[in-house]
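# Observations on the three-dimensional arrangement
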Amino acid sequence: MPCPICDDTGWKSVDVNGVSRVERCDCWHQRLYESLLKEARIPRRYAHCEFSNFDLHTDSQREAHRKSAALVEKFPVSSERGLLFYGDHGVGKTHLAAALLKELIRRKGARAVFFESRELLKLVRDTYTQESQVTELEALRPALEAEVLVLDDLGAEKKSEWVSETLGLIVNTRYSEKRVTIITTNLADADNTEPASFAFHLGLRIRSRLLEMCDWIRIEGVDTREVGPQPTHDDITRWQQTSPGSPKNRPKSGLPSRTAGQARAQLKPREGDSKSADLKWPGGRAGSR
Ligand SMILES: [Zn+2]
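Here we summarise the structure given alongside this text. Note that the coordinates shown come from a computational prediction; the quantities given were computed from them, not determined experimentally.

### Topic: the overall build of the protein
Along the backbone of the protein there are 12 helices and seven strands. For the protein, contacts bridging at least 24 residues in sequence account for 71% of all contacts bridging at least 6. Here the protein displays about 16600 Å² of accessible surface, and carbon together with sulfur accounts for 51% of that area.

Written as structure tokens, this is what we have:
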């Protein structure tokens, strides 16, 4: 059935102060949105995510929500700085990132793409097989070139030299091309004695790049997968006090804290190793190719 407004021409007449003009029809905008949304490859489990159904229980959730909405307003002018959401499972990081991506597509026609970081690395790794018709760089191209990239669950991949190099290539390329990158991660901003930290897992250089190219927001919240989608104040208090998942009840890491000077000193770079302060990791390439 043809569009009742434009008869499928994609243009409609509008009256502006008594003058008749043509502009793009709503059906044209809708088709563009649907095609860009398809190219963005947002996983089905996040297809329902919108700003309007994002849980706002804590100040940091409200801040993350506000900054996401502000990014949409600024885009594409003066918006090269992206956002990095970090924090525990279930606080809504991926929900917000997916909602932000959809909003940028819907309102600004952004060419955007969503990748779970492990999945992206697997796509690249799969190109190393003999049957593969695509090169490593072709597999990476959408992530390198999209106007907006969501890199979801950064740090969930197993650490290796190859992983660091590949992630470093993505981060550095997007940084030098001034493209907007949205990152979600469970990594903590602790020092490099902590395996689940940016410094340990990604290295200090990538961490510092990410600080330059993204606004970091530590999102705190309750785990809505445990307390349910619309928790009351009592539900939240009960969860915070009783759940093993609550930050209050979580066992402290067995690793030395940042004040344990002696244990930490052993992990510092050796004398003469001036390349970087990053931890060197012996594994990697061989197992990855
Ligand atoms: Zn139309």
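The discussion continues.
### Points about the coordination of the zinc ion
Every protein donor of the zinc ion is listed here as C3 (SG), C6 (SG), C25 (SG) and C27 (SG), and their distances to the metal cover 2.2 to 2.3 Å. With four donor atoms in place around the zinc ion and angles of 103 to 115° between them, the coordination shape is tetrahedral. Spacing between the donor residues of the zinc ion along the chain follows C-x2-C-x18-C-x1-C. Taken together, the positions of C3 in the segment before β1 (11-16) and C27 in helix α1 (residues 26-39) put the pair 24 residues apart, joining distant regions of the chain.

### Comments concerning the sheet that holds strand β4 (residues 112-116)
The five strands lie next to each other as β4-β5-β6-β3-β7, forming an open sheet whose pairing is parallel. Single-partner strands in this sheet number two, and they are β4 and β7 (214-218). Looking at each pair of strands side by side, their axes are set apart by 15° on average, direction ignored. Alignment of strand β3 (residues 82-86) against β7, held across five bridges, turns out to be parallel. By the bridge assignment, F85 is partnered in β7 with I217. Those strands touched by helix α6 (residues 161-176) are β5 (148-154) and β6 (180-185), and its axis lies near 150° from that of β5.

### Concerning the pairing of strand β2 (residues 19-24)
When β1 meets β2, the two strands line up antiparallel, connected through six bridges. Residue W11 lies in a different strand from β2, and its bridge partner there is R24. Hairpin connection of β1 to β2: two residues between the antiparallel strands, including N17 at a positive phi of 50°.

### Brief notes about the pattern of salt bridges
Within the structure shown, the criterion is met by 18 salt bridges. Between R218 and E220 there is a salt bridge, with the nearest N and O atoms lying 3.8 Å from each other. Overall, the relative accessible area of 36% leaves R218 in the partly exposed class. Each member of the salt-bridge network shares a partner with another, and the members are E50, K102, E103 and R106.

Rules of the game
- Residues numbered from 1 in each chain as written.
- Predicted model: local features only at pLDDT ≥ 70, side-chain atom pairs only at ≥ 80, totals over all residues.
- Heavy atoms only, no water.
- Helix = DSSP H or I, 4+ residues; strand = E, 2+ residues; numbered from the N terminus.
- Contact = heavy atoms within 4.5 Å.
- Areas by Shrake-Rupley, 256 points an atom, 1.4 Å probe, with all protein chains shown as cover.
- Donors = N, O, S within 2.8 Å, 3.2 Å for Na, K, Ca; no water.
- Tetrahedral: all angles 85-135°; square planar, octahedral: opposite > 155°, others 65-115°.
- Pairing = 2+ DSSP bridges.
- Axes fitted to C-alpha atoms, helices over the stretch in contact; angles between N-to-C directions.
- Salt bridge = Lys/Arg side-chain N within 4 Å of Asp/Glu carboxyl O.
- Buried < 20%, exposed > 50% of the residue type's maximum accessible area, 1.4 Å probe, protein only.

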